[in-house]
Amino acid sequence: LYQTDGNIHYYDWSNQNRNYTHGTAAADIRMNGSAKLSVVYTGSMLQIIGRDQPVSFTGEILSVECGEQHIGVLRRDSGGGESILVLTETGEQVDQLLPDDQYIVDFGFYTTTGEMLWMQTISVTAGIPTTRIMTYDLAKRASTGVMQVQDQLIDSLYVTANSVFAAGTSQIIRYTHAGNKEIYREMVYGYKVLDFSDASGTPTFLLAPRQGNMHAVKLLTMNEDDTSGAVGTHLQLPSEGVAGYIMNGALVVVSRDKLYTYSLRGKLSSTASLELPVDEAIKLSDSMLLLLSNGTYYTAKVR
């Protein structure tokens, strides 16, 4: 899903019959989408692609996330209070999630036995930052539990069929889905998570130092058991990477002029030259990259 002057375009690389272009009247539009839902929105209006009428809001729309059958809207009301409005795929509001006395940091969707929404909030009233991650069952329209973390910030969440991994500034914490019970913590201080995959059946994190350029990375595998059984593999890259991702059960590193593929044990398996120098690379799927070169975007399939 991408935007050009006055138009929204959808490009489907597996089914060209699904492609479309829609004109837009507003200039300040933003977008969000999932495999099944796409929306465009401004600060006061949201349009679900495929629906005739837009959804209007009082207050200000700050951000939007799409799930499989629901849409989450982070809204600020006239008094400055924030909440997440839960909409169906038709635009009907079915719930409103309030952060109590905390600030909303992030939110999103994932699927286990059904569609779930998570909301991350933070409180600094006690003098130390406390992050709270609440999970919400969209079928039952009820909260299913809370994960609470002190003394570090949470950068991102990664969800598997059996676990929720919270990647923080000091640790990666594993929780179960049932009751959001904490199982273990693995120290990753000094590193940030760049990507994650469990396609091989083993949760695997790609990490890079928080300080410095991407000359070296670390692959970290962990068990979904009572203990992490963590195994780390350090890689020194032949040239500074623009981006790195776990794709097709391998590590793919994009530099300015080459694409390197490594096994998850750190062995270089192939090197490919790129036709144009790459400024930025974004992972679209397990086999597709979006490359930016001199202001123009290209898709590249990784085999």
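Note that the structure is predicted; figures quoted are calculated from it, not measured.

Procedures and definitions
Chains are numbered independently. Their residues run from 1 in the order of the written sequence. In keeping with the predicted nature of the model, local features appear solely for residues at pLDDT of at least 70, side-chain atom pairs appear and are counted solely at 80 or more, and the whole-chain, interface and lining totals rest on all residues. Heavy atoms throughout the structure, all of them, feed into the side-chain values; hydrogens and water do not. Only runs of H or I of at least four residues qualify as helices and only runs of E of at least two qualify as strands under DSSP, and these elements are numbered from the N terminus. Throughout, the radius of gyration refers to the C-alpha atoms, and the reference size of a globule is 2.2 Å times the residue count to the power 0.38. Contacts: residue pairs with any heavy atoms within 4.5 Å of one another. A 1.4 Å probe and the Shrake-Rupley method give the accessible areas. Residues count as covered only by the protein chains that appear here. In summary, the charge assignment counts Lys and Arg as positive and Asp and Glu as negative, without counting His or the chain termini. A charge is said to be at NZ when it belongs to Lys, at CZ for Arg, at CG for Asp and at CD for Glu. Each Phe, Tyr or Trp ring (for Trp, its six-membered ring) is paired with any other whose centre lies within 6.5 Å, and the angle between the two planes then decides the class: stacked below 30 degrees, edge-to-face above 60, tilted in between. A 1.4 Å probe rolled over the protein chains alone gives each residue an accessible area, and that area as a share of the maximum for its type sets the label: buried under 20%, exposed over 50%, partly exposed in between. Think of it as a cone above the ring: NZ of Lys or CZ of Arg counts as a charge over the ring if it is within 6 Å of the ring centre and within 35 degrees of the ring normal. Here, any two strands with at least 2 DSSP bridges between them count as paired. Axis geometry follows a simple rule: fit a line to the C-alpha atoms, using only the stretch in contact for helices, then measure angles between N-to-C directions, giving values from 0 to 180 degrees. Any Lys or Arg side-chain nitrogen located within 4 Å of an Asp or Glu carboxyl oxygen qualifies as a salt bridge. Cavities and pockets were defined on a 1 Å grid built from protein atoms only: a cavity is a group of points that admits a 1.4 Å probe but offers it no way out, a pocket is an open group of points flanked by protein on both sides within 12 Å along at least five of seven lines, and a lining residue is one with an atom within 4 Å of any such point. Grid points are joined across faces, edges and corners, and a volume is the space filled by probe spheres set on the points. Residue classes follow a fixed rule: Ala, Val, Leu, Ile, Met, Phe, Trp, Tyr, Cys and Pro count as nonpolar, while Asp, Glu, Lys and Arg count as charged, and any other residue, Gly among them, counts as polar.

A. Representation of the overall build of the chain within the structure. For the chain, the helix and strand inventory stands at zero helices and 30 strands. Its C-alpha radius of gyration of 21 Å places the chain within 12% of the 19 Å reference for a compact globule of 303 residues. With the C-alpha coordinates of the chain rotated into their principal frame, the extents come out at 55 × 45 × 35 Å. In the chain, the proportion of contacts linking residues at least 24 apart, taken out of those at least 6 apart, comes to 30%. Carbon and sulfur atoms make up 46% of the accessible area of the chain, which amounts to about 15,500 Å² in all. Side chains of the chain give 22 positive and 32 negative charges; the mean places of these two sets differ by 5 Å.

B. Representation of the packing of aromatic side chains within the structure. The full count for this structure, using the stated rule, is six aromatic pairs. On the numbers, 5.2 Å between centres and 10 degrees between planes, the contact of Tyr10 with Tyr20 is stacked. Taken together, the positions of Tyr10 in strand E2 (residues 7-10) and Tyr20 in strand E3 (residues 20-23) put the pair ten residues apart, joining distant regions of the chain. Residue Tyr10 is classed as buried on the basis of its relative accessible area of 17%. Residue classification places Tyr20 among the partly exposed positions, given a relative accessible area of 22%. Among the aromatic residues, ring-to-ring pairing joins Tyr158, Phe165, Phe196 and Phe205 into one connected group. Its guanidinium or amino end placed over the ring of Tyr191, Lys218 lies 5.2 Å from that ring's centre, counting from NZ or CZ.

C. Local environment of the sheet that holds strand E15 (residues 142-150). With antiparallel pairing, four strands are arranged side by side in an open sheet as E12-E13-E14-E15. Edge positions in the sheet fall to strand E12 (103-111) and E15, since each has one partner strand and no second. The sheet shows a mean angle of 20 degrees between the axes of neighbouring strands, direction not considered. The sheet contact formed by E12 and strand E13 (residues 115-123) spans eight bridges and is antiparallel. Bridged to Phe107 within E13 is Met119.

D. Layout of the pattern of salt bridges. Going through the model one piece at a time under the given rule, you end up with eight salt bridges. A salt bridge links Asp12 to Arg18; the nearest nitrogen and oxygen atoms lie 3.2 Å apart. Of the residues examined, Arg18 reaches a relative accessible area of 43% and is grouped as partly exposed. A salt bridge links Asp155 to Arg210; the shortest N-O distance between them is 2.4 Å. One end of the pair, Asp155, is in strand E16 (residues 154-159); the other, Arg210, is in the loop between strand E21 (204-209) and strand E22 (216-221), with 55 residues separating them in the sequence. Residue Asp155 is classed as partly exposed on the basis of its relative accessible area of 41%. On the basis of relative accessible area, Arg210 is assigned to the partly exposed category, the value being 29%.

E. Up close: the layout of surface pockets. Considering only enclosed or pocket space, the largest pocket measures out at about 820 Å³ in volume. In this structure, the largest pocket is lined by 14 residues; those nearest its centre are Gly33, Glu65, Phe109, Leu157 and Leu284. Residue classes in the lining of the largest pocket are distributed as eight nonpolar, four polar and two charged. As a volume, the second largest pocket reaches approximately 510 Å³.

F. Quick peek at empty space enclosed by the protein. Counted according to the given criterion, the structure contains one cavity of 30 Å³ or more. As a volume, the largest cavity reaches approximately 30 Å³. If you go around the largest cavity, the residues you meet are Ser197, Ala199, Ser200, Thr202, Thr204, Ile246, Gly249 and Leu264. Residues of the lining of the largest cavity, tallied by class, amount to three nonpolar, five polar and no charged.

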